[in-house]
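Notes for the structure review
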Amino acid sequence: MSISPTSTNPAATATDTANPAQSKLSADYNSFLQLLTAQIKNQDPLKPMDSTQFVSQLAQLSQVEQSVQTNTNLKTIDAKLSAIGGMSDVALMGKTVSLASDRIELRDGQASTSYELAAPADKVTAIIKTEDGTELRRITGLPGRSGEKIALNWDGRDSAGLPVPDDTFRVEIDAQDTDGNAVSYDTYPSTQVEQVRFSSQGQSLVLRNGEEVPSSLIVAVSG
């Protein structure tokens, strides 16, 4: 388990993202200020600037100044929120988490996941495959209830009854209704968070099953 700062920390990331907009806004503010100053300095003493126009320009200057200040405050808030999010992800290291994924881990000859059907199914079969798509095992006669997560266990043996070495595999659910139409589904395996990785795109979780996902995809945490 480790924290991997592949690019920078969340606060720095938020600052870097906001800097171009902040620089442009500040440049516009400075240009406006210089233009107004020059206009006042070079006005004809016999025909001074119209007071209404002057007040209007001052109001515009104030609006630009407020925009600069608002941008700065928002940048600070965004940086703090990103840092808080990163620290909450760190707390997940070593935890067992569940997420929607087609991966299933075989450890010590046992593997488990769960599936949820979008509609009732008449026939449900789980198909275990290797990463390259080779079919290892079919588990038939599974429950076809919908609207709930149903546990699915695999004893780590292939279709010939031989034990398969521990690894990460793919699981597919072949679910059909009474008319033979396919029923959609999601599978929710459990795995462990091994690393939190920070990058210019934000932070992500590196999982034991080989996936790298944002913490927003985690649906349950235990252990």
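Note that the structure is a prediction, hence the values are computed from the model and not measured. (Residues numbered from 1 in each chain as written. Predicted model: local features only at pLDDT ≥ 70, side-chain atom pairs only at ≥ 80, totals over all residues. Heavy atoms only, no water.)

This paragraph deals with unusual backbone geometry. Even without a glycine there, the phi angle at Asp 108 is positive, about 55°. Inspection of the secondary structure puts Asp 108 in the loop between strand E3 (103-106) and strand E4 (111-117). (Helix = DSSP H or I, 4+ residues; strand = E, 2+ residues; numbered from the N terminus.)

The next thing to look at is the nonpolar core. If you look at the biggest cluster of nonpolar residues, it comprises 21 residues, and the most contacted ones within it are Tyr 115, Leu 117, Val 124, Leu 152, Trp 154, Phe 169 and Ile 173. Those elements that provide at least two residues to this core are E3, E4, strand E5 (123-129), strand E6 (135-139), strand E7 (150-154) and strand E8 (167-176). Looking at this core, the element that brings in the most residues is E8, giving 4 residues. What Ile 173 contacts, discounting residues up to four positions off in sequence, is Tyr 115, Leu 117, Val 124, Thr 125, Ala 126, Leu 152, Tyr 185 and Thr 187. Listed in part, the 10 residues of the second largest apolar core include Val 97, Val 196, Leu 205 and Leu 207. (Core = buried A, V, L, I, M, F, W, Y, C linked by side-chain atoms within 4.5 Å. Buried < 20%, exposed > 50% of the residue type's maximum accessible area, 1.4 Å probe, protein only. Contact = heavy atoms within 4.5 Å.)

Two strands in a sheet stick together by hydrogen bonds in their backbones, pointing the same way (parallel) or opposite ways (antiparallel). Read across the open sheet, the 4 strands follow the order E3-E8-E5-E6; overall the sheet is antiparallel. Of all strands in the sheet, those with a lone pairing partner are E3 and E6, marking the two edges. On average, each strand axis in the sheet is inclined to that of its neighbour by 30°, with strand direction left out of account. Direction of pairing for E5 relative to E8: antiparallel, over a ladder of 7 bridges. Bridge pairing in E8 links Ile 127 to Glu 172. (Pairing = 2+ DSSP bridges. Axes fitted to C-alpha atoms, helices over the stretch in contact; angles between N-to-C directions.)

Attention now goes to the packing of aromatic side chains. Going through the model one piece at a time under the given rule, you end up with 1 aromatic pair. For the ring pair Trp 154 and Phe 169, a centre distance of 5.3 Å and an interplane angle of 90° mean the geometry is edge-to-face. Linking Trp 154 in strand E7 with Phe 169 in strand E8, this pair joins segments that are 15 residues apart in sequence. With relative accessibility at 5%, the residue Phe 169 sits in the buried group. The ring of Tyr 188 is capped by Lys 149, whose NZ or CZ atom sits 4.4 Å from the centre of that ring. (Phe/Tyr/Trp six-rings, centres within 6.5 Å; stacked < 30°, edge-to-face > 60°. Lys NZ or Arg CZ within 6 Å of the ring centre and 35° of its normal.)

Considering the arrangement of structural elements, one finds Leu 117 in strand E4. Taking the C-alpha atoms as reference points, Leu 117 and Gly 147, separated by 30 residues in sequence, lie 6.5 Å from one another. Setting aside anything within four residues of it in sequence, one finds Leu 117 in contact with Val 124, Pro 143, Gly 144, Arg 145, Ser 146, Gly 147, Ile 173, Ala 175, Val 183, Ser 184 and Tyr 185.

By the definition in use, this model includes 9 salt bridges. Close ionic contact of Arg 170 with Glu 131 constitutes a salt bridge, the shortest N to O distance being 3.1 Å. Taken as a pair, Arg 170 in strand E8 and Glu 131 in the loop between E5 and E6 lie far apart in primary sequence, 39 residues in all. In this structure Arg 170 comes out as partly exposed when scored by relative accessible area, which is 22%. (Salt bridge = Lys/Arg side-chain N within 4 Å of Asp/Glu carboxyl O.)

This brings us to the environment of Gln 192. Assignment of secondary structure puts Gln 192 in strand E10 (residues 190-199). Exposure remark for Gln 192: the relative accessible area of 25% places this residue in the partly exposed category. It is 5.3 Å that separates the C-alpha atoms of Gln 192 and Arg 208, two residues lying 16 residues apart in sequence. Look past the residues within four positions of Gln 192 in its chain and what remains in contact with it is Gly 94, Lys 95, Thr 96, Val 206, Leu 207 and Arg 208. Looking at Gln 192, its side chain comes within polar contact range of the main-chain oxygen of Gly 94, at 3.5 Å. (Polar contact = N/O pair within 3.5 Å; in protein donor to acceptor, adjacent residues only side chain to side chain.)

It is worth spelling out the pairing of E10 at this point. Inspection of the sheet shows strand E2 (residues 96-99) paired to E10 by 3 bridges, in the antiparallel sense. Residue pairing in the sheet places Val 97 in a bridge with Thr 191 of E10. Inspection of the sheet shows E10 paired to strand E11 (residues 202-207) by 6 bridges, in the antiparallel sense. For Ser 199, the partnering residue across the bridge sits in E11 and is Gly 202. Here E10 hands over to E11 after 2 residues, the two strands then running antiparallel side by side.

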